Amino acid sequence: MKPRIFVTRPIPSAVLERLAARGDLQVHHEDASLKPGPLGEACREVEGLLAVGVRVSEEVLSQASKLRVVANCGVGYDNIDVAACTARRIAVTNTPGVLTDTTADLAFALLMAVARRVVECDAFVRQGRWQRWEFGMLWGADIHHKTLGIFGFGRIGQAMARRGAGFGMRILYHSRRRAPEDLEREIGAQFVDRETLLRESDFLSLHCPSTSETHHAIGARELSLMKPSAFLINTARGKVVDEEAMVAALESKKLAGAGLDVFEHEPHLHPKLSGLANVVLMPHLGSATGETRFKMAMLAAENLLAALEGQRPPNLVNPEAYP
Ligand code: 8YV
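Residues numbered from 1 in each chain as written. Predicted model: local features only at pLDDT ≥ 70, side-chain atom pairs only at ≥ 80, totals over all residues. Heavy atoms only, no water.

## Thoughts on the pairing of strand S4 (residues 69-72)
Using the following cut-off: Each residue gets one of three labels from its accessible area relative to the maximum for its type: buried under 20%, exposed over 50%, partly exposed in between, using a 1.4 Å probe on protein chains only. Numbering of helices and strands runs from the N terminus; a helix is a DSSP stretch of H or I covering at least four residues, while a strand is a stretch of E covering at least two. A pair of strands counts as paired when DSSP detects no fewer than two bridges linking them.
A two-sided burial pattern is seen for S4, the buried positions comprising Val-69 and Ala-71 on one face and Val-70 and Asn-72 on the other. Strand direction decides the pairing type here: strand S3 (residues 48-51) and S4, joined by 4 bridges, are parallel. The residue of S4 that forms the bridge with Leu-50 is Ala-71. With 3 bridges connecting them, S4 and strand S5 (residues 91-93) associate as parallel partners. Bridge pairing in S5 places Val-69 opposite Ala-91.

Spelled out as structure tokens, the structure:
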């Protein structure tokens, strides 16, 4: 008998066909997050769950007694209770690599947009406020030859560093682990302590995972160490930043601006954020290109099928759970 597979949102048909050839497939056809109750209900008889934009909590797992693998469609897996999966010997997988450059592209796009006030200027032109050209009109900040600070130097952090180097920026980074020297040399990135990173960055871009260690890693104290001319870029996770403290810094001009793809209480926005001119806001779309979303869905499917067919899935997050 084919294993039962549940996919939580519509994904490309080529991926669904691949899954349907090897499993008994059910798909939630609405592109909306299933709540724990209905998700648990849908997983009752399921062995493989392809999780796209859902929270897989203890409540869900307690209803899914046959589950053997949760294949997350995303590199970050803070939406999955990994410890609870491990305790039940359920494999958890993610989709690293395929979205690295796409996410770094967006981080750099946010950096440029906020520095050169692209969104603000677009509104200015559209709203017919451009009546005459002025020398002192809508000045931005230079990007080239400034210091780009990278917090979290994994795949995406490194890809962001390469983009900065291409713009002639000085690259500093801080990470749990220092990168090998030859990689530092190749990228032209210098390892510094956290405080130096905060003090010296003109642009601070966050690329760490969301864990209990990184929760509010950028809070009031950290923001106070940054230059008032600095910009914060976050394409990692909203919980890494104390949003209240960031809004206060932006309001009081202790931080020049922010380019944000992620928020502390997504999709809810801090009430003051949308009123600030010095921020550029995106609805968590770091990996959202057609090419990359296809690769993510296919990789999640490959991980899922490998686990169901008794192989070690290529992107296993919890090897402890695996026989
Ligand atoms: C996903 C992401 O779209 O990969 C990640 O970590 O943030 C995004 O690419 C999101 O996790 C929804 O699955």
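Once the structure has been displayed, the description carries forward.
## Remarks on the pattern of salt bridges
Pairing of side chains with opposite charge becomes possible as their charged atoms draw close. The line we're drawing: Salt bridges are defined by distance alone: a side-chain nitrogen of Lys or Arg within 4 Å of a carboxyl oxygen of Asp or Glu.
Scanning the model with the defined rule gives 23 salt bridges in all. Between Arg-9 and Asp-31 there is a salt bridge; the shortest N-O distance is 2.9 Å. In this pair, Arg-9 sits in the loop between strand S1 (4-7) and helix H1 (13-22) while Asp-31 sits in the loop between strand S2 (24-27) and helix H2 (36-42), placing the two residues 22 residues apart along the sequence. Using a relative accessible area of 15% as the deciding quantity, one classes Arg-9 as buried. Taking the shortest distance from any N to any O, the salt bridge between Glu-47 and Arg-68 comes out at 2.5 Å. Within this pair, whereas Glu-47 is found in the loop between H2 and S3, its partner Arg-68 is found in the loop between helix H3 (58-61) and S4, the two being separated by 21 residues in sequence. Among the ionic contacts, a cluster of salt bridges with common partners joins Glu-195, Arg-199, Arg-221 and Glu-222.

## Side note on the packing of aromatic side chains
The geometry of an aromatic ring pair comes down to the distance between the two centres and the angle between the two planes. Short version of the rule: Each Phe, Tyr or Trp ring, with Trp reduced to its six-membered ring, pairs with another whose centre is within 6.5 Å; inter-plane angles below 30 degrees give stacked pairs, above 60 give edge-to-face pairs, and intermediate values give tilted ones.
Going through the model one piece at a time under the given rule, you end up with 5 aromatic pairs. On the basis of an interplanar angle of 15 degrees and a centroid distance of 3.9 Å, the ring pair of Phe-153 and Tyr-173 is categorised as stacked. Placement of Phe-153 in the loop between strand S6 (147-151) and helix H7 (155-166) and of Tyr-173 in strand S7 (residues 170-174) is noted, with a sequence separation of 20 residues between them. There is no split in this pair, since Phe-153 and Tyr-173 are both buried. Where Phe-203 meets Phe-231, the ring centres are 5.2 Å apart and the plane angle is 15 degrees; that geometry is what we call stacked. Taken together, the positions of Phe-203 in strand S9 (residues 203-206) and Phe-231 in strand S10 (residues 231-234) put the pair 28 residues apart, joining distant regions of the chain. Per residue, the accessibility class of Phe-203 equals that of Phe-231, and both read buried. Each member of the aromatic cluster is reached from another via a ring pair, and the members are Phe-153, Tyr-173 and Phe-191.

## Focus: helix H5 (residues 100-115)
Here is the rule we go by: Expected span, for any helix, means 1.5 Å times one less than how many residues it has.
When the terminal C-alpha atoms of H5 are compared, their 23 Å separation across 16 residues agrees well with the 22 Å that a helix rising 1.5 Å per residue should span. In terms of residue burial, H5 counts as a mostly covered element, since 12 of its 16 residues are buried. Burial in H5 covers these residues: Thr-100, Thr-102, Thr-103, Ala-104, Leu-106, Ala-107, Phe-108, Leu-110, Leu-111, Ala-113, Val-114 and Ala-115. One or two steps after H5, the chain reaches Arg-117, where phi turns positive at roughly 55 degrees.

## Focus on the environment of Val-241
Which entries qualify depends on this criterion: Contact criterion: two residues are considered in contact whenever any of their non-hydrogen atoms come within 4.5 Å of each other.
Residue placement: Val-241 occurs in the loop between S10 and helix H11 (243-251). Judged by relative accessible area, which is 3%, Val-241 ranks as buried. Between the alpha carbons of Val-241 and Ala-21 there is a distance of 43 Å; along the sequence they are 220 residues apart. Those residues within four positions of Val-241 in sequence are excluded, and the remaining contacts are Leu-206, His-216, Ile-218, Leu-232, Asn-234, Met-246 and Glu-264.

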